[in-house]
Every structure is written in C-alpha cells, then in structure tokens.
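Each chain is listed here by its residues.
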Amino acid sequence: GFLYRALGFTLATGLEADKVEVLLLELLYKTDYSNDFDREGVILCFGLCARGQAKTVLGVLHDFEERIQESEQSWQISAWRKDHPWRRETVKGALMVMYSCVASYCHPQMLLIHVDNPITAKIIHHYSSSCQDICLKLAFMKSVVQVTDAIKNIKDLEDFQFAQKATLTGIIMAIIKAEPTDSLVSPVRTMAMDALSYLSKLKPFYATEESSELMDISIHSVISLQPPGDSNESIKTLYTNALHALEQLMEGLMQRHLDPKGLQEMVHLLEKWILSEKEWEREKAVNLHLHLMKIYVQSVGVCIPLKLGQFGGLVGLIAPGTCDSHRKTRLASMDVLASLLDLHASQTCSSWGASKELELEKCKEDLQGSDMEKIFSISSRISKVACLQFNCDEVVSLVQKLCENFGAMDLQHDKASVTWICTFLQMRVKELEDKVPEILGAILAHLPTVDHRDVRRLLIEGLLLLAHYHQETVLTALLRQPLPMESHLTEVWLAVAENVPFARTMLHALMGRLQARFTPRANAASKADIWRLAAVDPLMTLCTIHLLVERMDWDNRLLDLFPDLVYTLLLQLGSSQGPEAVSPVLKTWRLIHTGTLPEEVNLQRVTIRSMQLLFRRLNSESLLCTLEEQGVWTLLESSSTFLQGVSQLARLCVKSPQGYYRQRLSELVLRGMASEALSCRISSTAVCMEFMSDPILHQEKLLKRAVLMLEKGAEQEDEVLRVLSLRALGNMALGAPRKVRQYRKLLLEKCLCSLRGPGVSTSVTSEGLEVLAKVLVELREGDLGSTFNAISEQCRAFFDNESELLRLKAFIVFGKLAQVVRISKKHFFKQEVKKAWVPLMLHCQDPCSDAAQACVATMFQCVHFWGWRALQSSADHSDAAAPKEMIGFQMTLCSVLTQKKPAVLYNFLLETMTYVKSNLSRIRIAACNLAGIIMKQMSAHYLKKLDFPALRNSLQELQLDSDPGVWRAALETLNILDTCSQQRLLASPEGIS
C-alpha cells in the first residue's frame, strides 16, 4: 500500500500531465483487478493523484473506458493480459470506486465542477450496465457514500444542487426493495441506508413525500427481518448494523422535518409495525419509535407544541403496548409513553410532579412480570396517571385512535384498548359534554369490528356510562344510526334493557322524542336541549321502544309507564295517517336508511306491534281477546277506520277492570288536546270522547279542563276535530249527567253554532243535533232560555234537508223539545208545531225508514199541543207503521180542523202543494195524497178561495213524473180536485141559475 500511496503523491505533484497520463494508463492495463490488494492500491493511487491532476485522472479513466469499449461484449483484452483475463464486473466495480475516490481527494472546486458529470454519471453508468451482483451493489454504495461525503465536507457549498441525487436515490431504493425480507445474508441494505443517509444531507433536500417513501421502504426492509439466533455471530452483526443504519437514516430524514407534522408522519409509518401480529416486528417498531421520540424531545422540546389532538392519538397508538405479551415491547412502550407524557407536560406547563414519575417508574418495574391479569391492572394504573394530563380534545383523539385499532392485533391488545377507554371515560365523563358525539361516533363506528364478547361488553358499558351523564346527546346519536338496526346497535339496547331503572329513563326519553313532534318548538336553553330537540327518525325511535319493552324484565309489568307508552304510540299512529308521517330530513348526519327496508319495518306496523306487546305485558287475557275479537288492531291500521279503532281501544281501556292507569292516561290526553299538531289533537280528542262517557274525568276533577279543551276543539276549522269535540261534549250526558246543567250555556252555544254557522258541513251539523238530543234529556225548560226558540227554528229548517241524517236528527231533537216544554214555552211551541205540522205529516212517508219512524214518533208527541181530545185519542190508537191508520189520522185531523180551524186547514193545503215539487218522490206522493184528503174535508167557503187552474197545472205536471207512484197519486188528487171544482160551481149563484 505504501508504494501505491507514494506513486499517487508523486504523480499528483511531480510530472507533466502527458507523462502522468501514460503512467496511469499503463497502471490501469497492468493491474490484476481480481487481486484485492492491487485493486485497492490502484484505486488509492488514482485518488491521491487527483489532488493535483484531477482533469488528467478523469481523462485517463475516460480514455481507458473508450479503449475497452471495443471488447464490451466479451470483456477480454488479450493483447495486454493473456495470463489474467479481466472479469467485466470486477473492472466495473473498481472503476466506480476509482471515480468516488477521485471525488474524495480532488480539490473542492474541481469536485463541484466534475461531481455530476463525469464522476457520478460514470458511477451510475457502470452500475446500470453491470450484472448488479452483491459485489457491484456494495461498490456502488461505497462510491455513493464517498461522493456524497466529499461534497458534504466542502465548507462553502452555498447553493450547490446535486443533480444526480434523484437518480442515485431511485437506484438505491430499487436495491433495498430487491433485498429479501425474510433473510439477511449481506450488508447491502445496511450500506444502502447509509448511502441514503448521506444523500439526505445534500441539496435538493427530499420533499416530505419522498422522505416518507424512503422511510417506509427502509422500515419494511429491516423490521420484517426475524432476529437471528445466538449461533451465527456474523448474521447477528449484520442484523445489528442494519438496525443501526435504519435508526441513522430515520434520524437523518427526521432532522429535515422536526415538527409535529414530521413526527406524526414518522409514527404513521411505524404504526402498522407497532400493531403487527409478529412480536419481533412490534419490538423493533416500538424501539425505533422510542429512539426517534428521544431525538424529537431533545431537538424540539417545548419550541413547537404538538397539534390539537395529536398527543391523544400518539398515546392511543402506544398505550395498548403496555399489555403486550412480549416483555421488551411492554417496557419499550412504557418508555415511549413516559416520553410523550414528559413532552406534553413541558409543552403545556401542566403539573407533572415527582410522585407521578415515581408511579410510572413503579409501573414499569411491575411490567417486567408475566402474569397478564396483573399486567392489565398495571396498565389501568398507568392510564389513571396519564388521564390527568389530557384535555377534552386529547381524550377524543385517544379514544378515536384506540377504537381505530380494534381487531388489528390480538385479544390482549383489544382488552388493553378498552381498559384505557373505560378508565378515561370514568374519570372524565362529566367534562366531556361537548365531545360526546365524537367519542360516541368513534365507538359506534368500530363496535362492529370487535369480535370478542368481553371487549364488546366493556365498550358498551363505556357507552352507557356516557349515556348516564349525557343522555340526550347519546340518545340522539343512537337514534340517528341507520335502519335496519345492526347487530351491534341491538346489543347496545339489550344492555340498556338489562338495567331496568336506566331502561325506564331511556323509555321516558324516547317517548319525549316522539312527543316533541306534537308540542311547540322550544328554544334550547342548554347544550343538552340542543341534542334533545335535534331531529331523529321516528321509525328508529319506535323500533327502539319495541326492543326495550320486549326485552325488559317481564316480572316488571311496566304499569307506571303503560299510559305514557300507549298515549305516545297512539299519537304516533295518528300522525302516520297524514303528512306528519314523513321522517324528518337529517341534514347533518348519515342517511336514515341504508337500503330498502323490510315491508314490516314501517311506522304503522312497528307502532301497532309495540302496542300489542304493551297490552300483553298487562297480563290480561280477557282484554287481549276482546281487542282481537273487535278487530281493534285492524281498525288502527287503516286511515279510514283509525279513529274508530282509537275509540274502541279507549272504550276498552275505560271499561277494563285494570283501570288503575286511567287517571294518568286522562291527563296525557288532555295535554295532547292542547298540542299544535292537528293529528295529535284529533287522536287525543277521540280518546277523550270515550272518557267523557265515563265518570273518570269527573271523579279525577278533570272535567272542567276537558270541557274547556273541547270547547276550543268545537271552534276549529277541521271538520273531524270539530265533530269529535262535539261528540265528546255530548257524552257528558252519559259520564257526568249532573254536570250538564252546569255547562248548559256552553253546550247549547256550541250546538247552535254547529247548526247555523257559515259553511258548516253536514257531519258537524248532524253531530250538533245529536249532542242536543243527548243534553236535552238532562235539561229543563227553564235551562234553555232563549236558545229554546233558536233550536226549534233550526230543527224545522232541517225537516226538508236533502240529508237523511239531518232530517232524522232534526225530528228526534224536535221530539225532545216537545218533552221539555212546560208552561212558559207552551204557547211558543204550539205555534212551532203548527208551522212544522205539514212537514211532519209528509215525512211520516220519508224515504229513509229511520227518519220516517222518528218523524211519526215526534208528530204524535206534538199532537197534544193542538189541545183536542179527538186527535189525542186518534193518536193513541194509531200505528205509525200502518199507512191506513196514518190516512185515518190525517182525515181525523182535517175533519177537526174544518170544524175548529178551517183557515189553518186552508193554509195547510197551500203549504202541502209546495211539496209536489220536492226532490223526494215519496214526499211528492205524500203531498198529493195529503192534498186530496184536505180538499175532501175543506168547507165550501174555503174551496171558493182556491186557485183551481194553478192547482190543476201543478198536478198535471206530475203526470210526466218518472215515478209511476207519483203520477198515480197526482191523478187521484186531480180527480178529487175536479170533484171539488164541480161542487164549488154548484154552490155558486151562477151554478144555481
């Protein structure tokens, strides 16, 4: 070596360039490159010579390469070395190192001029054009290290940009990728990482993405290697050197990105290895994490605070490692955790006393044991110490990171994760009000990935702990999960059902969510109110109620919740009949439904199934049988029969021997009648209608409140609500008859409004008449006052109404009035009877049989107002169902009137003739027949007053009627008219003459 060194020094300083060139070429041709001593001597000689003859040396190398180019294919130059033929790869390897040695020894200025081209370019060329075996890879790496080190040692680099850096990096990355990940047989990957470390210090610096890629490839190349056994020292050395080289590379790359973002990127690259299922990969990854954390803490310290939430994420990744089955990994994880806690304490200036450090040290000592139960207990102790250093945002990021890694490793890792989550929630749950949605979202999103039952149970317990303290927030989040309900969500609600007191609380809250749709929108006074008032899917709420009621302890019969649940479900069922059935649009959450729901999962069916379940919980077989027999559930399903079903259900509840829940149900119904939602008012009023027919409201001192609510309902524009309110008011006569007189003014006023208000529908008017028929039974003449007259007049107005129902009800009410009349109203009603008599007599033949029967009954009730015994005697013996008897009664009446009130009979005829144009054929026939009877009984004096031509024309027009019965009756009456006309002529003076 001395001779080569001496030759290099001599050539660098003593001779002319031409002579140096000749000597160097001769040296190149005569060297045996297979001899390590000669090869390394020549390389050193060329490097030393380059100190003074850099251009000459590079020229000689170029000339040598040009001359041997001719034999590139065979790589044999027999003209010079017949005894030692050159191996192509050996010469290329030597040339690469010669160029890098030239770079190491030449003058800095010369290096900067020639480093990119030809020095680095030639190194790249010779490697790329070779077979790239291990020796060439090592030579190439050595060359790169020498070149980059030479550049780095130049003091005044200024803005020098190493142009070949990207090319070299790409080649080295390819070399590392090509290395087997399951074995280590050469120092190639170690030298490759060393080369990258040197390159990383030169400009242009690696971008963040490039650094990440380099670290990722290098980490994968080393960490995946299984540790060597104790028998092979050389492999152990290679293994140790590779780990050290990786640390140095990571450290070098990290130096360019010493900030929270760079730290996060580095940890992100290590994460999959920290969570590896192979313990040797976890151990190396955690140790590398520890090494880099120490560097980060030493370099950055308090200068650059971690980003919000970053601390929690870093702890969340490493914390489960404290329960690792591998002792070294546990201890390294503990060291990383302690380093993170120290860093956070120093950056936030939080109290991190000696006692906490001592506690962590004690925990670290205890982690050396092998009892896994004790290790989990120690990890819990660590979490309690660490928890005090976390703010709420960091708690969220910790929980999110712990949840993200569920299922990434083994059961121990998942148990450790859930232990930390539960510890943090137990210690900080009251402070986490603003963070509950994020924590809950993380838990619910990852709960399906948790396979082990015990881990799921602990995680659900943590979720329920949140619900205990932040009920409305948790409830909203759970109700905003998609339908159909997934198994993990069902498991959460089953856990709720196991805790009966908490399940009751949740049922109340769920009912509140459904009822909130029917109450005035309130302004949120707290954060809990915001979540309580948030929109949720009523279908999910109903499914949850059904699940809880179904799974709660059957020994607990839910009697105290029964009325609230039934009331709430009825309101929901009522709202599902109209536009309120549409689920609210949740603009800030996931889609309500993830796909097409099963046919049975809809608002109506789920609600009815829940109601059926509730009634089964009452343990009343008779009530259940009655509900089925009367088809209540079928009635409730259809919008056309819904109110009928509600009424029947309420009626059965009132009559049930287990009526101890009726008071509460009554209170809820009255509250519902004040709702802003129309469907709620209608459903509540339908129930109240049945309750009004029972003494319950009066007994519970709720009658006054109910009457006032019904008064408002009777004034509403909605026809259904108005009808139900009136009917309920009328049922007071059944449930509290003694109270009718007390509320007579209100009752009569609402009834009259229903009879004569503008645009009142037939159904409302009919109900008003029905109510009058009920309440008049409980009233006296003096109770009616001036309304008596109005009622009578309104009744007469409906006698000829097109509606059969109105005619029927009007006849009944008029009959009830007749029964009420005493002295003060007798004269008035007598006149009313006279005005009503013709319609009454005619409508005894009403096409509606019920109306005809009611009319007959009413007419005979009014007979005594004529004051003639003959009529009363005839009425007493008359059969309303027999037409002959009715004709006989009419003839008797006309005979009496001819004698006593001939003028009245005359007016009756005129009024009767107006009915021949009635829309009802039966009434036209009755009018013709009655007119004929009156004409027969009329005195000659009043016959003279008749307008026979007009009467004849009216009757002749009926000859064209489509009903044969009409034109036959008209023909008979026309014959009678002709007879009467002849009698009149005979009786007149002209006729006598």
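Residues numbered from 1 in each chain as written. Predicted model: local features only at pLDDT ≥ 70, side-chain atom pairs only at ≥ 80, totals over all residues. Heavy atoms only, no water.

- Taking an unreviewed UniProt entry as the reference, the protein chain is identified by name as Maestro heat-like repeat-containing protein family member 2A belonging to Bison bison bison.

1. Looking at the overall build of the protein chain
(1) Moving on: Summing up its helical and strand segments, the protein chain has 51 helices and zero strands in all.
(2) Moving on: The C-alpha atoms of the protein chain give 53 Å as radius of gyration, which overshoots the globular expectation for 993 residues (30 Å, by more than 25%).
(3) Moving on: Across its three principal axes, the protein chain shows a C-alpha extent of roughly 185 × 65 × 45 Å.
(4) Moving on: Counting only residues that meet the buried cut, the protein chain has 55% of its 993 residues in that class.
(5) Moving on: Sequence separation of at least 24 residues holds for 75% of the intrachain contacts in the protein chain that already meet a minimum separation of 6.
(6) Moving on: A total of about 43800 Å² of accessible surface is found on the protein chain, and carbon and sulfur atoms cover 51% of it.
(7) Moving on: The distance from the centre of the 107 positive side-chain charges to the centre of the 113 negative ones in the protein chain is 10 Å. (Helix = DSSP H or I, 4+ residues; strand = E, 2+ residues; numbered from the N terminus. Rg over C-alpha atoms; globule rule 2.2 N^0.38 Å. Buried < 20%, exposed > 50% of the residue type's maximum accessible area, 1.4 Å probe, protein only. Contact = heavy atoms within 4.5 Å. Areas by Shrake-Rupley, 256 points an atom, 1.4 Å probe, with all protein chains shown as cover. Lys, Arg positive; Asp, Glu negative; His and termini not counted. Charge placed at Lys NZ, Arg CZ, Asp CG, Glu CD.)

2. Some words on the nonpolar core
Most often, soluble globular proteins keep nonpolar side chains buried together rather than apart.
(1) Moving on: Membership of the largest hydrophobic core comes to 347 residues, with the highest contact counts inside it found for F140, F615 and W837.
(2) Moving on: Looking at which element gives the most residues to this core, the answer is helix α3 (residues 36–68), with 13 residues.
(3) Moving on: Other than its neighbours up to four places away in sequence, F615 contacts F562, V566, L623, L624, L627, W633, L649 and C653. (Core = buried A, V, L, I, M, F, W, Y, C linked by side-chain atoms within 4.5 Å.)

3. Re the domain arrangement of the protein chain
(1) Moving on: What the domain assignment lists for the protein chain is domain 1 (1–70 + 85–156), domain 2 (161–257), domain 3 (275–432) and domain 4 (882–988).
(2) Moving on: Here the C-alpha centroids of domain 3 and domain 4 sit 110 Å apart. (Domains from an automatic or database assignment.)

4. Topic: the packing of helix α17 (residues 392–404) against helix α18 (residues 411–428)
(1) Moving on: Direction vectors running N to C along α17 and α18 enclose 155°, while the axes themselves pass 9 Å from each other. Taken together, α17 and α18 sit at an angle that is classed as roughly antiparallel. As for the relative orientation of α17 and α18, their crossing is left-handed in sense. Residues C392, V395, L398, V399, L402 and C403 of α17 touch α18, and the partners they reach there are S417, W420, I421, F424 and R428.
(2) Moving on: Its residues assigned to classes, the contact of α17 with α18 comprises nine nonpolar, one polar and one charged. (Axes fitted to C-alpha atoms, helices over the stretch in contact; angles between N-to-C directions. Parallel < 35°, antiparallel > 145°, perpendicular 65-115°, else oblique. Left-handed = near helix turned anticlockwise from the far one by under 90°. Nonpolar A, V, L, I, M, F, W, Y, C, P; charged D, E, K, R; others polar.)

5. Focus: the packing of aromatic side chains
The geometry of an aromatic ring pair is captured by the separation of the ring centres together with the interplanar angle, meaning the angle of the planes.
(1) Moving on: Enumeration according to the criterion identifies 18 aromatic pairs in this entry.
(2) Moving on: An angle of 65° between the planes, with centres 5.0 Å apart, marks the rings of Y29 and F64 as edge-to-face. You can see Y29 sitting in helix α2 (residues 17–30) and its partner F64 sitting in helix α3, a full 35 residues away along the chain. Side by side, Y29 and F64 carry an identical accessibility label, which is buried.
(3) Moving on: Each residue in the set F788, F799, F811, F814, F828, F829 and F865 is aromatic and connected to the rest through ring pairs, giving one cluster.
(4) Moving on: In this arrangement the basic side chain of K201 is found over the ring face of Y198, its NZ or CZ atom lying 5.5 Å from the centre.
(5) Moving on: Over the aromatic face of W967 sits the side chain of R968, whose NZ or CZ is 5.9 Å from the ring centroid. (Phe/Tyr/Trp six-rings, centres within 6.5 Å; stacked < 30°, edge-to-face > 60°. Lys NZ or Arg CZ within 6 Å of the ring centre and 35° of its normal.)

6. A look at helix α10 (residues 233–255)
(1) Moving on: Between its first and last C-alpha, α10 extends 33 Å over 23 residues, near the 33 Å set by a 1.5 Å rise per residue.
(2) Moving on: If you check which residues of α10 are buried, you get L238, Y239, A242, A245, L246, L249, M250, G252, L253 and M254.
(3) Moving on: The secondary structure elements touched by the buried residues of α10 are α8 (188–199), α9 (208–223), α11 (260–274) and α12 (279–299). (Expected span 1.5 Å × (residues − 1).)

7. With respect to the state of the cysteines
Here, disulfide denotes a covalent bond that connects the sulfur atoms of two cysteines.
(1) Moving on: Enumeration according to the criterion identifies zero disulfides in this entry.
(2) Moving on: Left unpaired, C363 is separated from the closest cysteine sulfur, that of C323, by 11 Å.
(3) Moving on: Lacking any disulfide linkage, C753 is separated from the closest cysteine sulfur, that of C751, by 9.2 Å. (Disulfide = S-S within 2.5 Å.)

8. Description of a negative patch on the surface
(1) Moving on: The grouping of D342, E357, E361 and E365 at the surface amounts to a negative patch.
(2) Moving on: Ranked by the residues each element gives to the negative patch, the list is headed by helix α15 (residues 354–366), at three residues.
(3) Moving on: If you trace the backbone, E361 turns up in helix α15.
(4) Moving on: On the accessibility criterion, E361 (46% relative accessible area) is partly exposed. (Patch = residues over 30% accessible without salt bridge, like charges linked within 9 Å, V, L, I, M, F, W, Y side chains within 5 Å. Salt bridge = Lys/Arg side-chain N within 4 Å of Asp/Glu carboxyl O.)

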